[in-house]
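Okay, here's what each chain looks like letter by letter:
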Amino acid sequence: MKIEGRVVRGRQLGRTLGFPTANLQPERIEGTGPDGVYAAWFFVNGLRLPCMLNIGSHPTLPGGGRSVEAHILGYAGDLYGCRASVETVAFLRGEEKFSSPEALRMQLTRDAKRSQELLDGATDGKPWRDT
């Protein structure tokens with residue numbers, strides 16, 4: 001799946017959990033997939049960056065509606081207003097409602113580690129499939 005759009009301000013809840021995100025306002029979507037968490041490549045300003053992508057409605061921290069947001073692994077910077085795209089590499093898990101923000105934070109830590117492992121195994125931005 002490929003999603004293109006502009007980076008916009010979200011509710012900034014990810015940063016309170018230690019996982020700041022770039023929220024994409026989708027303008028173009030190619031392909032389909034279930035809501036949930038993906039390992040993906042984030043393309044912005046000529047760079048290809050590894051990320052953990054969430055698509056969905058945040059059942060643990062409801063409100064704000066459905067969103068597309070990427071936690072770019074190892075990146076710190078301001079991307080507001082930039083045009084960007086994400087390309088999914090592997091589906092990690094479906095949306096879940098966790099018992100607490102702390103339980104969600106612990107799962108995000110595992111998701112980020114798994115995303116990095118999968119993307120380290122991907123070459124030249126070509127989709128990698130777990131078979």
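Scroll up for the structure.
Quantities reported herein were computed from a predicted structural model and do not represent experimental measurements.

Visitor: Describe the sheet that holds strand S4 (residues 47-56), naming the residues involved and giving the relevant values.
Guide: What the 6 strands build is a closed barrel, ordered S1-S2-S5-S4-S3-S6; its pairing is antiparallel. Strand after strand, the sheet turns through a mean of 45° between neighbouring axes, direction not considered. Pairing of strand S3 (residues 36-44) with S4 involves 9 bridges; the strand directions are antiparallel. For valine 44, the partnering residue across the bridge sits in S4 and is leucine 47. Packing of helix H2 (residues 101-120) onto the sheet brings it into contact with S3, S4 and strand S6 (83-94), and relative to S6 it is tilted by some 110°.

Visitor: Which residues make up the pairing of S3, and what values do they have?
Guide: For a regular strand, side chains alternate in direction, first toward one face of the sheet and then toward the other. Counting buried positions along S3 yields 8 of 9 residues, so the element is predominantly enclosed. Between S3 and the antiparallel strand that follows it, S4, lie 2 residues; asparagine 45 among them carries a positive phi value of about 50°. Bridging between S3 and S6 involves 9 bridges; their strand directions are antiparallel. Within S6, the position partnered with valine 37 by the bridge is arginine 93.

About the criteria used
- Residues numbered from 1 in each chain as written.
- Predicted model: local features only at pLDDT ≥ 70, side-chain atom pairs only at ≥ 80, totals over all residues.
- Heavy atoms only, no water.
- Pairing = 2+ DSSP bridges.
- Helix = DSSP H or I, 4+ residues; strand = E, 2+ residues; numbered from the N terminus.
- Axes fitted to C-alpha atoms, helices over the stretch in contact; angles between N-to-C directions.
- Contact = heavy atoms within 4.5 Å.
- Buried < 20%, exposed > 50% of the residue type's maximum accessible area, 1.4 Å probe, protein only.

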